[in-house]
Amino acid sequence: MLSKTTALILVLSFVGCVPHTHKNKAGSKETVEHGSYVPRDSGHYKEGKHDYEFDHESVLGSHNVAEEYDHLPPEEAKKRLFSLALKMDVDGDKYVDKLELMNWVLKSFKMLTDEEALDELEDEDGDEDGKVSWEEHVAETYGMYDDDMVLNQAKDSPEELEMLENDRELFKAADLNGDGILDKSEYPAFSHPEEFERMHQVLIFESFSIIFELTLCNPVST
Ligand SMILES: [Ca+2]
Ligand SMILES: [Ca+2]
Ligand SMILES: [Ca+2]
């Protein structure tokens, strides 16, 4: 069990850290080699070094709020973080135990996902109606008006073609009511598919396709 003091030290230790840059938004729909999605905690250690930025955001649940904390006077930051630690103590026993801390961080991760998804939705929402159509996604991602144009351009680029098809499958799976548009409640599953169980089937299929292609391209010699 973490004592209240320990939890407070953990939280208050943010105050003395170097201001962070918020460059990386782990969890966004970016893939690493062979199509794996970047897990939420991929940036916790960078090149073997502990990344305090990750800790800040994991507790605060917002890139924007974490950035705001960098500019607070130390006393004000301590005050706010102290009340945050009190909120973590759900059962009010004056201690923050492991489960309370874990639940808090999981809730923060969900808030980070929603914040990142909303940022991405606003980037893609060409007509600013608060929703993203497939055409808007294609226009923002590929710089073209419809997928026919993308298909035409990508005929010599299997990678781009595959990316378009993968995006289309993810879009369909995220679109719960099947109206061809992703609203604010549906969009997070599209931008962060690895964090939504209903999207896993599409991701698994995508990964198998990539492995299958790699196997065909690089057959094991016997
Ligand atoms: Ca407690
Ligand atoms: Ca729109
Ligand atoms: Ca929809």
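Looking at an unreviewed UniProt entry, one finds the protein chain named Reticulocalbin-3 and attributed to Araneus ventricosus. Of the protein chain, the UniProt comment under Subunit (unreviewed entry) reads exactly: "Interacts with PCSK6 (immature form including the propeptide); probably involved in the maturation and the secretion of PCSK6." Of the protein chain, the UniProt comment under Subcellular location (unreviewed entry) reads exactly: "Endoplasmic reticulum lumen".

Trainee: Give a detailed account of the overall build of the protein chain, specifying residues and quantitative values.
Mentor: Within the protein chain, the regular secondary structure consists of 10 helices and four strands. Each helix and strand of the protein chain, ordered N terminal to C terminal, gives the series α-β-β-α-α-α-α-β-α-α-α-β-α-α. Counting contacts in the protein chain only where the partners sit at least 6 residues apart, residues at least 24 apart contribute 60% of the total.

Trainee: Residues and numbers for the UniProt feature "domain: EF-hand" (unreviewed entry) in the protein chain, please.
Mentor: Look at the UniProt record and you will see "domain: EF-hand" (unreviewed entry) annotated at residues 162-197. As annotated, residues 162-197 comprises 50% helix and 6% strand, and the C-alpha atoms at either end are separated by 22 Å.

Trainee: Tell me about unusual backbone geometry, and please be specific about residues and values.
Mentor: One non-glycine residue, Lys-94, lies in the positive phi region at around 70°. A positive phi angle, near 55°, is found at Glu-128, a position not held by glycine. For Glu-128, the location among the structural elements is in the loop between α5 (98-124) and β3 (132-133). Looking at Glu-128, the number of C-beta atoms within 10 Å reads 7, which means it is exposed.

Trainee: Give me the environment of Val-132: which residues, what numbers.
Mentor: As for its position among the elements, Val-132 is in strand β3. Expressed as a C-alpha distance, the spacing of Val-132 and Tyr-187, which sit 55 residues apart in the sequence, is 7.8 Å.

Trainee: Lay out the nonpolar core with the relevant residues and their values.
Mentor: Most often, soluble globular proteins have nonpolar side chains that are buried together. The biggest cluster of nonpolar side chains holds 10 residues, and these are Ala-117, Leu-121, Val-132, Leu-170, Phe-171, Ala-174, Leu-182, Tyr-187, Ala-189 and Phe-190. Among the secondary structure elements, those contributing two or more residues to this core are α5, α8 (158-174) and α9 (187-191). Discounting chain neighbours no more than four positions away, the residues touching Phe-190 are Leu-170, Phe-171, Ala-174 and Leu-182. Residues Leu-81, Met-88, Leu-101 and Trp-104 belong to the second largest nonpolar core, which totals six residues.

The rules behind the values
- Residues numbered from 1 in each chain as written.
- Chains lettered and ligands numbered in written order.
- Predicted model: local features only at pLDDT ≥ 70, side-chain atom pairs only at ≥ 80, totals over all residues.
- UniProt positions renumbered as here; feature names shortened; annotations may be inferred.
- Helix = DSSP H or I, 4+ residues; strand = E, 2+ residues; numbered from the N terminus.
- Contact = placed C-beta atoms within 7 Å.
- Buried ≥ 20, exposed ≤ 12 C-beta atoms within 10 Å, placed from the backbone.
- Core = buried A, V, L, I, M, F, W, Y, C linked by C-beta atoms within 7 Å.

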